[in-house]
Each structure stands twice: as C-alpha cells, then as structure tokens.
Amino acid sequence: MTPEPNFTVKELMASFISHQVRDGERVAVGAGLHVPRAGILLAHLLRCPNVRLYVVMTFTSLLKEPRMEPFYTVYDNRPTKWAEGYVLHDDFQEDPRLVSDTFVVGALQIDKFGNSNLIGVGKDYKHLQFRGPGAVGTLSMAHYVDRYYLFVQSHDKRIFVDKCDFISTVGWGEGGADGRSKLGIPGNGPVYCVTPLCVFDFDETSKRMRLKSLHPGVTVEQVIENTGFEVIVPANVPTTAAPTDDELETLRGRIDVEGMLRR
Amino acid sequence: MLASERKSLVIDLDAAAATVRDGMTIAIGGFINSSHPMALVRQIIRRGVKNLTVVGAASGGLDLDLLIAAGCVKKLVTTYMGGEHYCPVAPFFRVAAQRGELDIFECDEGMFYCALRAAAQRLPSTPWKAGIGTSFPQINPEIKVYNDPVSGEPMLAIPAIKPAIALIYAAQSDAYGNVQHVSTGFGDRAMWRAADKTIAQVERIVPNEEIRKNPLATSLVGVDAVVRAPYGSHPFAGPGYYIEDSDHIREYVAAGNAYAKSGDRKPFEQYLKKYILDPPTYEDYLEVVGIKRLLQLHEY
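Residues numbered from 1 in each chain as written. Chains lettered and ligands numbered in written order. Predicted model: local features only at pLDDT ≥ 70, side-chain atom pairs only at ≥ 80, totals over all residues. Heavy atoms only, no water.

A. Highlighting the overall build of chain A. In terms of regular secondary structure, chain A is built from six helices and 13 strands. Its C-alpha atoms give chain A a radius of gyration of 18 Å, within 12% of the compact-globule value 18 Å for 263 residues. Each principal axis of the C-alpha distribution contributes one length, and for chain A these read about 55 × 45 × 35 Å. Buried residues in chain A amount to 60% of all 263 residues. Put simply, 68% of the contacts in chain A that link residues at least 6 apart link residues at least 24 apart. When the accessible surface of chain A is summed, it comes to about 10,600 Å², and 51% of that surface belongs to carbon and sulfur atoms. Positive and negative side-chain charges in chain A, numbering 29 and 33 respectively, have mean positions lying 2 Å apart. (Helix = DSSP H or I, 4+ residues; strand = E, 2+ residues; numbered from the N terminus. Rg over C-alpha atoms; globule rule 2.2 N^0.38 Å. Buried < 20%, exposed > 50% of the residue type's maximum accessible area, 1.4 Å probe, protein only. Contact = heavy atoms within 4.5 Å. Areas by Shrake-Rupley, 256 points an atom, 1.4 Å probe, with all protein chains shown as cover. Lys, Arg positive; Asp, Glu negative; His and termini not counted. Charge placed at Lys NZ, Arg CZ, Asp CG, Glu CD.)

B. Here's a closer look at the overall build of chain B. A count of helical and extended segments in chain B gives 12 helices and 13 strands. The C-alpha radius of gyration computed for chain B amounts to 20 Å, which stays within 12% of the reference 19 Å derived for 300 residues, consistent with globular compactness. By its C-alpha atoms, chain B is 65 × 60 × 40 Å across when sized along the principal axes. Within chain B, the fraction of its 300 residues that count as buried is 61%. In chain B, of all internal contacts separated by at least 6 residues, the share reaching a separation of at least 24 is 73%. Separation between the mean location of the 31 positive side-chain charges and that of the 33 negative ones in chain B comes to 2 Å.

C. Representation of the interface of chain A and chain B. At the interface, 48 residues of chain A touch 55 residues of chain B. Summing both sides of the interface, chain A and chain B together bury roughly 4,300 Å²; the carbon and sulfur share of this comes to 58%. Contact with chain B buries surface across chain A, with Y75, Q93 and R131 of chain A losing the most and accounting together for 19% of the total. On the surface where chain A and chain B come into contact, there are three salt bridges. (Buried area = accessible area lost by both parts, 1.4 Å probe. Salt bridge = Lys/Arg side-chain N within 4 Å of Asp/Glu carboxyl O.)

D. Quick peek at the packing of aromatic side chains. The full count for this structure, using the stated rule, is 19 aromatic pairs over all chains. Aromatic pair Y252 of chain B and F268 of chain B: ring centres 6.3 Å apart, planes at 85 degrees, arrangement edge-to-face. Of this pair, Y252 of chain B sits in helix α9 (residues 246-262) while F268 of chain B is found in helix α10 (residues 266-277), placing the two residues 16 residues apart along the sequence. Note on Y252 of chain B: relative accessible area 4%, which makes it buried. Of note, R26 of chain A hangs over the ring of F59 of chain A, and the distance from its end group to the ring centre comes to 5.3 Å. The positively charged end of R42 of chain B is found above the aromatic ring belonging to Y285 of chain B, 3.6 Å away from the centroid. (Phe/Tyr/Trp six-rings, centres within 6.5 Å; stacked < 30°, edge-to-face > 60°. Lys NZ or Arg CZ within 6 Å of the ring centre and 35° of its normal.)

E. Quick peek at the side chain of T198 of chain B. Residues and elements named next belong to chain B. Structurally, the position occupied by T198 is in strand β11 (residues 197-205). For T198, a relative accessible area of 1% translates into the label buried. The residues touching T198, leaving out its near neighbours within four places in the chain, are A166, I168, W192, V223, D224 and A225.

F. Representation of the pattern of salt bridges within the structure. Per the stated rule, a full pass over the model turns up 27 salt bridges over all chains. The partner of R37 of chain A in a salt bridge is E84 of chain B, and the shortest N-O contact between them spans 3.8 Å. Here E84 of chain B lies in the loop between β3 (73-78) and α4 (91-98) and R37 of chain A lies in helix α2 (residues 34-46), a pairing that spans two chains. The residues R37 of chain A and E84 of chain B share a single accessibility class, namely buried. Residues D256 of chain A and R262 of chain A are paired through a salt bridge, measuring 3.7 Å at the closest nitrogen-oxygen approach. Connected via shared salt-bridge partners are E11, R252, D256 and R262 of chain A.

G. Quick peek at the nonpolar core. Formed by 146 residues in total, the largest nonpolar core has its most connected members in I26 and F93 of chain B. Tallying contributions element by element places helix α5 (residues 109-120) of chain B first for this core, with seven residues. Among the nonpolar cores identified, the runner-up in size contains 33 residues, and V56, V194, V199 and L251 of chain A belong to it. (Core = buried A, V, L, I, M, F, W, Y, C linked by side-chain atoms within 4.5 Å.)

H. Representation of the domain arrangement of chain A in the model. Residue and element names in this part refer to chain A. Looking at chain A, the domain boundaries give domain 1 (1-100 + 242-263) and domain 2 (103-240). Computed over C-alpha atoms, the centres of domain 1 and domain 2 are 22 Å apart. For the pairing of domain 1 and domain 2, the buried interface totals around 1,800 Å² over both sides, and the portion due to carbon and sulfur atoms is 76%. With its nearest N and O atoms 3.8 Å apart, the salt bridge here joins R22 to D146. Our count for the contact surface shared by domain 1 and domain 2 stands at four residue pairs in polar contact (both at pLDDT 80 or more). Considering each element in turn, the side of domain 1 that touches domain 2 owes the most residues, five residues, to helix α1 (residues 9-18). (Domains from an automatic or database assignment. Polar contact = N/O pair within 3.5 Å; in protein donor to acceptor, adjacent residues only side chain to side chain.)

I. Main features of unusual backbone geometry. Residues and elements named next belong to chain B. With an omega dihedral of 15 degrees, the bond running from A58 to S59 counts as a cis peptide bond. Its place among the elements puts S59 in the loop between β2 (52-55) and α3 (62-69). Phi angles above zero are rare outside glycine, and I32 is one such case at about 45 degrees. Tracing the backbone shows I32 in the loop between β1 (25-28) and α2 (38-46). The class of I32 is buried, set by a relative accessible area of 1%. Even without glycine at this site, N51 takes up a positive phi of about 60 degrees.

Following this line, the structure appears as structure tokens:
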C-alpha cells in the first residue's frame, strides 16, 4: 500500500502549471480558473521574481505580499491596490503580447489536436444541447501568445472528443507540425493539456495528443477509458512530479489561503 | 453679452432610462460581476423596453442575463455570459440560446473591441487575425473571411457595431459630464468612443474643482448625460465603494437555475417583483436590499 499523498490533485496541477512559467515573462491571470491562477502565483513567488503579473487589468509584482487575499475573481477591485500600471482592456488590441506571453485556456470540449470549444455542445448552433459561456478572450490570447496550456477540471469522454462541435480556440488545427503556420497563426500553440488524471503533450510530427505523465495512482487504462480519441501512449509514462514541501507551504500559506484547492 | 453659465447634464434615472426605446442598440459597461449601471438596467426593465440589441461588456454577465430574463433582449453582443464562480453559464442566456430564441453575435474579446473600434472610426469593419481556423466565421455570418490585399493572407473582417446609447457605470462625474472611474474602467472607454451618446450612472456628482485636481483620471472626457445613483451597481461591485453582494447574486442564480433546470419561472417572477417591479423608486430598491446589507459590502 502506498501512503495517501499529502496533497490534492488540484495542488498537483497547480504545481505542474507553475513550472511552465518563465522568469521575466508577462503573465495574465485570467478569469475563473483557480488552479492555473494558483500555479502562476506559485511560480512568481518561488522561481520567477521578474514576472510581470497582469491582474484585474493592472500589472504588478507580488513578491513582498505576505498573502494573496482576496484573489479569486478577475473583476475584483481590491487586488488593484497592488497595481504598478494599467493596460486597459480595450487597449488589448494595440499589442496583445503586452498583456501576456503565455495563457491557460479552459474548455467544454478538446479534440486530439488540442483544438478547443467554449461555445457549446451540439450539432446545430441554433439549437445546442448545452450552451457554453462563450470564448471570453481565449481565442485572441491563444493566437498571439508565445505558447499556451489547456486545462480542464474533469476528464471524461464528453470533454475529450474526436472532433469538437465548434472550435473557439485553435490548437494544431488539422494536425501536423505546420498545423498552425499553414493557417497563418503565430506562436507555438498548445504545449500541454493538464487534466485531473494526467498531462498530455503533442507528438512532434502529427501534433496528436500524447500521454506525458500520469498523476499518482492513475493508470494508463483509466486515461484511455475516459478519452474519446486514441491517445498516443509511449512505452514508459512517468508519474507527474509531486509538489514539493516548499510549494505546498507557499500554496497553502500565501496563495490558497481560503483552501479552494484543498476542497 | 458674454456666456457665463455652463449647462448641467445631470438628469434623473427615469429620464435617462426613457432614452432607451424598443429596438435600439445599446451598450452596457462593466465586467462580469463589477461596474454595471444596474439602476438604469432595472429602470429599463420597469419600462418594459423590448427587442433591444445589447452590446454587453467583454466580458458580460448576469446584468445581461437579467435583461434576457425580463424579455428585453432580441440580440446579444458579448464574449462571455456567466458569473465566474457564482455560475459557469448564465441561466436565462443558456436556455434562450439553446432554444434559438436569442440572436447572438458570437465573438471573443479581440473581435468585440474590433467591432466597437470600427464604429468609433466610422469604418465598416476592422481586420482581426485571431479566429482564422475557428468556427466563428461559420456561426457568426456577419464576420467575413477575406484575403488581405497587401499580404494576401486570410483575415477576418469584424463589422462595426454602433450603439445608439452607451450606459456606463463610474465612480464620479461633475455636472458637465467629466467622468472618472476608480480602477481601470474595464472596456468602458471603447463603448463611449463607439456610441452616438453616452449616459454615465455615477456614485457621486462632484464639483468641477474636484475633477480638475486630477484631469488624467478623467476616463470619459464628456458624456451626454449624468445620473446619480449611490450603490447603483448593486448587486455587482462598485470599485472604490463596495464589493459585489454575494448573497444577492446567489439568490438570482438560484432563481435562474430553477428555470434552467426544471422550467420553473416562479422564483424568478418573485425576484423580479420584489426587487424591480414593486419598489416605486430607486431609493425603495435600496430599502428592500437593506442598509445593513449595503454597509456590509465594504472593500477594506
């Protein structure tokens, strides 16, 4: 019997996402997704002191802040007490890269090439089975940033589908290493897809989704059973690295003080 | 004869709401659960305005859902319809969209601001690149794919969307329409630039001298009318004044979900009656919400 891990899967995903942030970048902290939000802040506090965080339309550095409170919504005025400067929301088009070098995109559906859908589920746009919230800024951000990450809070065949009913954000299009460039889309596209079961990356040639690591206790079969397309499974699939004690201490003491990732 | 008097632009809530007529295109400022001109929105509902094209904020939220629920909206222009952690998808929007009862100008934030920018610049459209390879040109036939005449590469033409009136919430204005937001003002400037007319609903009307202390803070340099409504973004946040009223938002979402899940419109009808139809004046609305609740919504 392996002992119960001393962290939650949300904390594990936050830790993984934190390792995708590079020091010196601009990083937007977007709406809705607590786990990526925590991961970005974790990167900033532990490894990336020179990140420019884009929070509630303001830029800031939070190294000297003992606790990130309150910090759960993208519209809350209170975090603007930290602001060093603004990039107004409607000035976003002047230079989308001013806002962020990287981004995290959520989805209702994701296909094998990392194309994703926040519009709705159903074949007929005028009569959807489930109407989603809409694309927010995901499409334009994912288009212009250096690279982005897909993130979902559950992993099943309704989310991971062979073909999205609608595409709101392009991943690798129809596939292939030139899947984006032949559409004239800049940037390096989706790099990883983070789920509660595993992390996917993309095969270098086909740009099809490939199992990169399994979270502790998850089997390859579980991933295959819960994914609606054929996953590329390498001979050896490592376990996703557990968050370190330092990471857990910073997450719980300074970032996720209210315990959203521990529920 | 020398000119000496500058004209006050201050009008009352009902006079402001009366400028919004059936079938108009209007913009409503703010962002998700913050900074919506809710005193005006409720007054528009009380007046029974129909068939509006509503350019909601990028991103919009439950302010627009309330207008849909009350039967005011024919067409919606926004990028997001939800309440972040309060509700992933706005309930009346979801049902109306699924039934095909609502026209939606499907777009993301980049396209949304292109549409407003085109209107401000008196252009028929502006180009945007993000969206090539997506479903947007198929599900939104107003967006056209074309080849850029300079580079030859495929681009999207995002059509101008021109609001007749923009309704904006801000912290303060003087009587002459010099409006100052607290915090960034989200995308409100883009609506102001695009619209034929703008009405600012503010927490305070301040002396002109107060504005001149910090002219760089003047975010909308001259609107057409100013309406005073303290706590006027309630139940959403008013930056610099109050945070959102979580309990009230949850009450609305619960009423919406009862309809979305089982078709039961009664809880919403009760909400509508209690907060919008029954209180004869704006002050009565605040009394129904209650002073204790309002004073608990402080930012500190």
